[in-house]
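In case you want the letters, here they are:
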Number of protein chains: 2
Amino acid sequence: MNKTAALKQTFELINSELYAVEERIRAQARAFDPAVEGYVTYAVESTGKRLRPALALIAGGATGNIGPDHFDLAVVVELIHAATLVHDDILDSADTRRGQPTANAKWGNSLSVLLGDCLFSHALKLASGFRSSEMMRRMAEAASEVCSGEIIQTQRRFDLKLSVPDYYRIIEMKTGALFAVATELGAFLNEATPSVIAAMRTFGLKFGTAFQIYDDVLDLAGDEANAGKTLGSDLRKGKLTLPILYLLQHSEPTDRDRICEIILGGSDEEIATLVRKAISTGAVNSAVLTARRMLRETEEQLRVVPANRYHDALKGLIRTLDGMLGQFAE
Amino acid sequence: MNKTAALKQTFELINSELYAVEERIRAQARAFDPAVEGYVTYAVESTGKRLRPALALIAGGATGNIGPDHFDLAVVVELIHAATLVHDDILDSADTRRGQPTANAKWGNSLSVLLGDCLFSHALKLASGFRSSEMMRRMAEAASEVCSGEIIQTQRRFDLKLSVPDYYRIIEMKTGALFAVATELGAFLNEATPSVIAAMRTFGLKFGTAFQIYDDVLDLAGDEANAGKTLGSDLRKGKLTLPILYLLQHSEPTDRDRICEIILGGSDEEIATLVRKAISTGAVNSAVLTARRMLRETEEQLRVVPANRYHDALKGLIRTLDGMLGQFAE
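Treat the numbers as computed from the prediction; the structure is a model and nothing was measured. (Residues numbered from 1 in each chain as written. Chains lettered and ligands numbered in written order. Predicted model: local features only at pLDDT ≥ 70, side-chain atom pairs only at ≥ 80, totals over all residues. Heavy atoms only, no water.)

Asker: What should I look at first to understand the state of the cysteines in this one?
Answerer: Here a disulfide denotes a covalent bond joining the sulfur atom of one cysteine to the sulfur atom of another. Counted by the stated rule, this structure contains zero disulfides over all chains. Counting only cysteine sulfurs, B:Cys118 is the nearest neighbor of A:Cys147, a cysteine outside any disulfide, at a range of 4.9 Å. On the accessibility criterion, A:Cys147 (5% relative accessible area) is buried. Looking at B:Cys118, the relative accessible area reads 0%, which means it is buried. (Disulfide = S-S within 2.5 Å. Buried < 20%, exposed > 50% of the residue type's maximum accessible area, 1.4 Å probe, protein only.)

Asker: Would you explain the interface of chain A and chain B in this entry?
Answerer: A common way to express how large an interface is: the accessible area buried when the components associate. Of the residues lining the interface, 35 residues belong to chain A; the matching set on chain B comes to 35 residues. When chain A packs against chain B, the two sides together hide about 3,400 Å² of surface, and 69% of this comes from carbon and sulfur. Contact with chain B buries area across many residues of chain A, yet A:Leu114, A:Lys125 and A:Ile151 alone supply 18% of it, more than any other trio. At the boundary of chain A with chain B, the tally comes to four salt bridges. Counting every contact that joins chain A to chain B gives eight residue pairs in polar contact (both at pLDDT 80 or more). Counting only elements with at least two residues in the side of chain A that touches chain B, the list comes to α3 (34–45), α5 (68–91), α6 (103–127), α7 (133–155) and α8 (164–188) of chain A. Per-element tally for the side of chain A that touches chain B: the top contributor is α7(A), with 14 residues. (Contact = heavy atoms within 4.5 Å. Buried area = accessible area lost by both parts, 1.4 Å probe. Salt bridge = Lys/Arg side-chain N within 4 Å of Asp/Glu carboxyl O. Polar contact = N/O pair within 3.5 Å; in protein donor to acceptor, adjacent residues only side chain to side chain. Helix = DSSP H or I, 4+ residues; strand = E, 2+ residues; numbered from the N terminus.)

Asker: So what exactly am I meant to see when it comes to the relation of the copies chain A and chain B here?
Answerer: Each of the two chain copies can be generated from the other by rotation about an axis followed by a shift along it. Once chain A has been moved 0.0 Å along the axis and rotated by 180 degrees, it coincides with chain B to within an RMSD of 0.0 Å. This pairing of chains is accounted for by a two-fold axis. Taking the C-alpha atom as reference, chain A places A:Ser133 closest to the rotation axis, 3.0 Å from it. The fraction of interface residues of chain A whose copies in chain B are also interface residues reaches 100%, indicating that both copies meet through the same surface. (Least-squares fit on C-alpha atoms with pLDDT ≥ 70 in both.)

Asker: I'm lost on the confidence of the model for chain A in this one. Help?
Answerer: Predicted coordinates in areas of low pLDDT are best not read in detail. Looking at chain A, the pLDDT average stands at 92 and 96% of residues meet or exceed 70. Our summary of model confidence lists the complex with pTM equal to 0.92 and ipTM equal to 0.89. (pLDDT = per-residue confidence, 0-100.)

Asker: Just checking my understanding: could you explain the side chain of A:Arg157 for this structure?
Answerer: Its location among the elements puts A:Arg157 in the loop between α7 and α8. Among residues more than four places away in sequence, those in contact with A:Arg157 are A:Leu91, A:Asp92, A:Lys237, A:Gly238 and A:Lys239.

Asker: What should I look at first to understand the pattern of salt bridges in this one?
Answerer: Opposite charge on two side chains makes pairing possible when the charged atoms of those side chains draw close. Following the criterion strictly, the structure yields 50 salt bridges over all chains and no others. Across the pair B:Arg137 and B:Glu134 runs a salt bridge whose closest N-O atoms are separated by 2.9 Å. With B:Arg137 and B:Glu134 both in helix α7 (residues 133–155), this residue pair falls three residues apart, about one helical turn. In this structure, B:Asp322 engages B:Arg292 in a salt bridge whose closest nitrogen and oxygen atoms are separated by 3.1 Å. With B:Asp322 in helix α16 (residues 309–326) and B:Arg292 in helix α15 (residues 283–300), the pair connects residues that are 30 residues apart, well separated along the chain. For B:Arg292, a relative accessible area of 23% corresponds to the partly exposed category. When salt bridges with common partners are traced through the structure, they connect A:Lys125, B:Glu134, B:Arg137, B:Arg138, B:Glu141, B:Glu184 and B:Arg201 into a single cluster.

Asker: I would appreciate a short explanation of the packing of aromatic side chains in the present structure.
Answerer: All told, the structure shown has 17 aromatic pairs over all chains when counted by the stated rule. An angle of 90 degrees between the planes, with centres 4.7 Å apart, marks the rings of B:Tyr39 and B:Trp107 as edge-to-face. With a gap of 68 residues between them, B:Tyr39 in helix α3 (residues 34–45) and B:Trp107 in helix α6 (residues 103–127) connect regions that are remote in the sequence. Clustering of aromatic rings is evident, with ring pairs tying together A:Phe179, A:Phe203, A:Phe207, A:Phe211, A:Tyr214 and A:Phe328. (Phe/Tyr/Trp six-rings, centres within 6.5 Å; stacked < 30°, edge-to-face > 60°.)

Asker: For this particular structure, what's the right way to read the nonpolar core?
Answerer: The nonpolar side chains of a soluble globular protein tend to be buried with one another. Formed by 237 residues in total, the largest nonpolar core has its most connected members in A:Leu119, A:Met139, A:Phe207, B:Leu115, B:Leu119, B:Met139 and B:Phe207. Excluding anything up to four places from it in sequence, A:Met139 contacts A:Leu73, A:Val76, A:Val77, A:Ile80, A:Leu124, A:Ala127, A:Phe130, A:Val181 and A:Leu185. (Core = buried A, V, L, I, M, F, W, Y, C linked by side-chain atoms within 4.5 Å.)

See below:
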């Protein structure tokens, strides 16, 4: 089963709602100038798993009901996500994403910069349709966090002084923020109490962060066919992820120096050795344990959320991600 | 006098307000994560002329008064403009802008993609602070227009079938839209009548479009020191501007074929000859006449706007741009 097929299974409860979201996303592409529509359609169709829309919808169900605004919320978070993917692929000079050529591979970097901008501004235009300007503010705030997180990540590539707290801060911003706003606003739209809204925000933030750690683990310990990329690609880009930070922390000084050398410019073979080392030394396992602890904290947020089938679905999501992480535990 | 020094002189009426806008723009940079602040400060300080903020403020004065919201409007339009410049410089692989290294020259394309995104999302976050969500909607709509216009322009580089109406559509989107929203919302914030708001919108759209034609003329007929770039750079990038479209329109078939060849891949020397030809055949002059006609239409919009010193300042702006265009008339 590939990376997120398991997560998708847990969306069964909202299958028909997700179908409606899909239709709306496609309709958004048609709102663009005909000269631009084709690019937008390609970008929104190839992104895939719709995890953030699903969370927005389920958060709505758990805190009241899934109303029309929840569909708009789902579309907005997905368009922002799609915009960041288009720009990420430029940054990474990626040729493919989920088996499809990326926008930059098809049409070049210039067009892809603008395509990301189009998706982004369109998302925020949609967001301006919400009755409460607070929705808009929080959404733009999240988008701003995502970009700032990506800047810091880019800035600190190959920076061997990156600390574990620095890593958390980066992934909370670049990944957590959009998950957080999806679940937070899902509750906010239902006029849930401040404590429920805050709990749902923390739920999204922690779930998203754990999901990012899973993704980072997958880059080291996954199998290449399912990860859809060569293992160790983060390392080659100078992205120091949690398992690597743990590996550095627990290495003897001479070993550490050697690892640093490989990170700064090792051959493909040396990188592959480093990847195996991250597994054999238990560094990957430690990262898995951390993510699983994070998921327990995620689940604790549900204490203040009414018990219903959407509440159960959120628990199911946690269990699924926990199981996905479990594959890589020792 | 350089390109916009003359325009700046006409801003005298709002000197102290523009100073306050400058302070606010700098304060916005400080709202970012400390790791990001330095990049943002650089990007917003190097953009320069503050034409869009000035128009937002003067439009406010002309239709009522310049209130606190006008300052926010001025900052938002300028941040959106700054975001597009950062991304434009990536598209054009530009090394300098107004004598300073561009963000991409200093920090590379990856960081610049993200920096533009940061500026953009921050602008829209600020815009969400307006009491009316209509403000936000129109602002995001304008941003979306700008990006779509740039996509179409990129898509149609070196496209010899580009028509004059196609050209207008592109520049109205990529340049006119942000000017239009600055003046429109300047009036909207004062709760001006729908006809005044519509007139101010058209004022901005036409003024911005004429300004873009001036910029396009400058690329052919300016002097290199003041234009801040080599003449004919639009041609080298495959951007067919109004004077070139006029030149193509009025050339004999054989001449036309030769011009097309040069556009598609002429040497620097051939491009320089083409630039001179655009001047000697009167194609540049025709574009100047068109822009000046557009400015007369811009001025007509002021008929419904109350007579006051800001109304006069808007007229002064038109006169100034008209004079700047006049340098290139035969």
